[in-house]
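What follows is each chain in one-letter form.
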Amino acid sequence: MTTTPALIEVEEAVSSGPSAPATPPASGRRILTTITRDKGALACVVFLAIVVLMAVAAPLITKISGWGPYQFDSAAINSDLGGVPHGALGGISGSHWFGVEPQNGRDLFARIVYGARVSITISLSATLLTGVLGVVLGMLAGFYRGWVDQVISRLMDFLMAFPALIFMIAILSSLPSGNRPVLLVVVISAFGWPYLARVIRGQTMTLANREFVEAARASGAKDTQVVFREILPNLRGSIVVMTTLAIPGFIGTEAGLSFLGVGVAPPTASWGQMISSSVSWYSVDPMFFAIPGTFLFLTVLSLTVLGDKIRTLVDQGAAA
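Calculation notes
Residues numbered from 1 in each chain as written. Predicted model: local features only at pLDDT ≥ 70, side-chain atom pairs only at ≥ 80, totals over all residues. Heavy atoms only, no water. Helix = DSSP H or I, 4+ residues; strand = E, 2+ residues; numbered from the N terminus. Buried < 20%, exposed > 50% of the residue type's maximum accessible area, 1.4 Å probe, protein only. Patch = residues over 30% accessible without salt bridge, like charges linked within 9 Å, V, L, I, M, F, W, Y side chains within 5 Å. Areas by Shrake-Rupley, 256 points an atom, 1.4 Å probe, with all protein chains shown as cover. Salt bridge = Lys/Arg side-chain N within 4 Å of Asp/Glu carboxyl O. Axes fitted to C-alpha atoms, helices over the stretch in contact; angles between N-to-C directions. Parallel < 35°, antiparallel > 145°, perpendicular 65-115°, else oblique. Contact = heavy atoms within 4.5 Å. Nonpolar A, V, L, I, M, F, W, Y, C, P; charged D, E, K, R; others polar.

A. Focus on unusual backbone geometry. Pro 267 follows Pro 266 through a cis peptide bond whose omega is 5 degrees. By the secondary structure assignment, Pro 267 is in the loop between α11 (236-259) and α12 (271-278). Its identity as a non-glycine residue notwithstanding, Gln 103 has a phi of 75 degrees, on the positive side. Tracing the backbone shows Gln 103 in the loop between β2 (84-85) and α5 (108-144). Take Gln 103: its relative accessible area is 55%, and that puts it in the exposed class. Phi is positive for Arg 145, which is not a glycine, with a value near 55 degrees. By the secondary structure assignment, Arg 145 is in the loop between α5 and α6 (146-161). Of the residues examined, Arg 145 reaches a relative accessible area of 30% and is grouped as partly exposed.

Here it is in structure tokens:
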């Protein structure tokens, strides 16, 4: 995970910190109202809702379609031509809504639906773990400073100095298969939390010197009360922005690692794994590549556009 222009903008926006208890960010209702009035953002929400529904209701959806993600349909492929699907557009038909995989005849629709479940689960889990680590360690470094700040800051510098993708590949390649989704969440989070922690640390250091924090200390509040009652609420906007922008990056990272063969292991469905398998077939069956590639592209694009819209509203402090 590398520093992106969005991350740089967030850091610049929060580096000065609020001069008093932060102006309340746009409420959830106002953000929702503004998004529903923006056709582009609303289209992103609708598409993401479809993807999430696919992930949640995958078993029910595949029962309706009639094919599971691990079922083979030998009748849907032409063994005389090396396993190319029968019919046009990769075998799209009433039985196979998105066609079938070459050679084995597995239903692409079922694989896409279960691939959505993998991508959403891993990205949300990694975002949650990254958020907890980044917020807690960033607040500790910014609030206590001294040797605590030195230790955490050097750890952040150490992890951020690594070319993350290369080391993710190396680590995942050396680990036993085991529960690969859990390993992916842990490894992605291990390299992802310093970027959030650095932003939280800088804003916490600014907030710790504000009058309302000094007033809380003077009233006898303990450190934990100051951190959770005074500082943490003022970090809400930054946390929302950073975590929202992290989700599409984590989906892309999971897909990339699966594409390279160190992510989700077969036969578990994964969009990145499907794209990897389609490379040798794109000239004779382009739909095998186009369908999972389109879903991955639109999911990442929708999350990025929606995250950017939320960032704008949070920075404004109120919905337009």
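B. Just a nonpolar patch on the surface, in detail. A contiguous nonpolar patch, built from Leu 128, Val 132, Val 136, Leu 140 and Tyr 144 and spanning about 450 Å² of accessible area, is present on the exposed surface. By the element assignment, Val 136 lies in helix α5. Assessed through its relative accessible area of 45%, Val 136 is described here as partly exposed.

C. Region of the structure containing the packing of helix α4 (residues 58-65) against α5. Two elements in contact, α4 and α5, have axes separated by 10 Å at closest approach and are oriented at 175 degrees. Comparing their axes, α5 and α4 come out roughly antiparallel. Contacts between α4 and α5 involve Ala 58, Pro 59, Ile 61, Thr 62 and Ser 65 from the former and Phe 109, Ala 110, Val 113, Tyr 114 and Arg 117 from the latter. Considering only residue class, the contact of α4 with α5 consists of seven nonpolar, two polar and one charged.

D. Structural context of the pattern of salt bridges. Counted under the stated rule, the structure contains seven salt bridges. Note that Lys 309 is salt-bridged to Asp 38, the shortest N-O span being 3.3 Å. Of this pair, Lys 309 sits in helix α13 (residues 286-316) while Asp 38 sits in the loop between α2 (28-37) and α3 (39-56), and the two are 271 residues apart along the sequence. By relative accessible area, Asp 38 is classed as partly exposed at 26%. In this structure, Asp 149 engages Arg 201 in a salt bridge whose closest nitrogen and oxygen atoms are separated by 2.7 Å. Within this pair, whereas Asp 149 is found in helix α6, its partner Arg 201 is found in helix α8 (residues 180-207), the two being separated by 52 residues in sequence.

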